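Reading the structure
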Amino acid sequence: METLAQIALTMTPGLGSTSIRRLIDVCPDADELFSMSHRQLKELFGNHDEIVSFIEKKAAHTRAEEELRFMEQHGIQALFFTDPDYPQRMNRTETADCPALLYVLGKSDLNAERAVAVVGTRKATAHGRDVTDRLIGQMAEWKASIVSGLAYGIDTAAHTAALNHGLPTIAALGHGLDRIYPAQNRKLAERILAEGGALVTEYPSGTAINGGNFPARNRIIAGMSDATLVVEASSKGGALITAAIATSYQREVFAVPGRITDTYSSGTNNLIATNKAAMLRSADDMAYQMGWPSTDATKTRQQELFPTLGATEQNLIDLLHKQQTATLDDLVRLSGLPLPKVAGIMFTLEMQKVVRALPGRLYEVCD
C-alpha cells in the first residue's frame, strides 16, 4: 500500500524531508523501495548501513500501520508531497526542507488562490488583537486563506478573525493530531474544522509536546503562504523565525509598525527598519505589493487601519484639543479609560496622522 510505505519512509531514522524528496526523484514508488534488494539499497544509500537495515527490515511498518488505523478512525488524510492536494507552495525549489508528508484533518483547500500567514507574540495586546481583526477583515475582499499556528495571542486572534469574517483558516501544529496544544484552544480548533478549515502537521499521533517542534512547524506556516504578516513581536520569538523562513522561501514579509517604546513592537519595527519587511497600514498595502486585483472598495477606502473615528477616539481628540498637548497619563486621567486602551488608540491616531508625538512623550492634534 503506497500510503503505508510513504508514512513508513518518513518514520525511517536518517531520512529527512530533503532526502526523501531526492529519493522519490530516483524511485517514485515508495512501496517499491521497501522491496529492493540489499545491493540496490546499498547503491542508493552508500555507507548509510543503518538506513539500509531499517528499510530491509521494514522496521517502521508496524508504527505506520498504527498511524493508518488512527487516521481511518478520525478521518485524517496523509498527503505525500507528490499528491496534487499537497500544498504546492511547499513544492518549490526553495522549500526543499518542507515536510515530505502532511497529516491533514479538515476540508480546507491547501492550494487556495491566495494564502497569508499571520503571526505574532503569544502575549498579544488588545490593540494587537484589534489590528489583526481589522486587517483580516479587509483581506476578506480577496478571499485570502489565513494560515497560523493555533498558539496563544496573535495566532488565536488570526484564526478567530478569519472565522468571523468568513475566510478559510488553516492551523499548523507542532504535534500530532491526537491532541490540541494549548488545550484552551480546543474549542477554537473545533470551530476551525466545523467551518471548513483544517489542522495540519508533519508529526504522527503520539508525538510528545516538544519545544523544538514549534520552530520547525513555522516553516509550514511560511511555506503554505504567499506572504507572512507579523502583527506584534518582541525582539526574539517564533514570529521572527517565521518571518526569516518566509524570506528564505522568497515570500513577501509585512509588519505592522508600533511605538518605539512598546515591547511587542520592537520586533516588527526592527523588521521594517532593516528592510526585512514592508510596513503594513492596511490590507490595501499588501494587495498592491502582491499584485492582487483592486475592487470597488479598495479604490475608495483610505489607506489606514481605522477609516473613521468612533466616539471614544473622538473624545480623546476633544480632550487633546482642550489641553493643546497631553501625555498618555494625562489622557488616562481625563478620560477615565485604562492605559492600554488609550495607548492603542493614540498609536492608531498617530498612524492616521490625526495626532503627532512630541518630545517628552506629549501628543498634539495635527493641523
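Check the entry above for the structure.
About the cut-offs
Residues numbered from 1 in each chain as written. Predicted model: local features only at pLDDT ≥ 70, side-chain atom pairs only at ≥ 80, totals over all residues. Heavy atoms only, no water. Salt bridge = Lys/Arg side-chain N within 4 Å of Asp/Glu carboxyl O. Helix = DSSP H or I, 4+ residues; strand = E, 2+ residues; numbered from the N terminus. Buried < 20%, exposed > 50% of the residue type's maximum accessible area, 1.4 Å probe, protein only. Pairing = 2+ DSSP bridges. Axes fitted to C-alpha atoms, helices over the stretch in contact; angles between N-to-C directions. Left-handed = near helix turned anticlockwise from the far one by under 90°. Contact = heavy atoms within 4.5 Å. Nonpolar A, V, L, I, M, F, W, Y, C, P; charged D, E, K, R; others polar.

The next subject is the pattern of salt bridges. What the rule picks out here adds up to 14 salt bridges. Here E66 ties to R63 by a salt bridge, and the two come within 4.0 Å at their closest N and O atoms. Residue E66 and its partner R63 are both found in helix α6 (residues 61-74); the two are separated by 3 residues, about one turn of the helix. For R63, a relative accessible area of 28% corresponds to the partly exposed category. Members of the salt-bridge network, linked through shared partners, are R63, E66 and E67.

Our focus in this paragraph is the pairing of strand β11 (residues 355-358). For β11 and strand β12 (residues 362-365), the ladder comprises 4 bridges, and the chain directions are antiparallel. Note that in β12 the partner of A357 across the bridge is Y363. Between β11 and the antiparallel strand that follows it, β12, lie 3 residues; G360 among them carries a positive phi value of about 80°.

This brings us to the packing of helix α7 (residues 126-139) against helix α8 (residues 154-164). Interhelical geometry of α7 versus α8 gives an angle of 35° and a closest axis separation of 9 Å. When the axes of α7 and α8 are compared, the crossing they make is right-handed. For the pair α7 and α8, contact is made by G128, R129, T132, D133 and I136 and by I154, A157, A158, A161 and A162, respectively. Taken together, the residues of the contact of α7 with α8 sort by class into 6 nonpolar, 2 polar and 2 charged.

Strand order across the open sheet formed by 3 strands is β10-β12-β11, with antiparallel pairing between neighbours. Strands with a single pairing partner mark the edges of an open sheet, and in this sheet they are β10 (326-327) and β11. For β10 and β12, the ladder comprises 2 bridges, and the chain directions are antiparallel. By the bridge assignment for β12, T327 is matched with L362. Packed on one face of the sheet, helix α15 (residues 311-323) meets β10, β11 and β12 and runs near 100° to β12.

No statement about biological role is implied by the geometric values presented.
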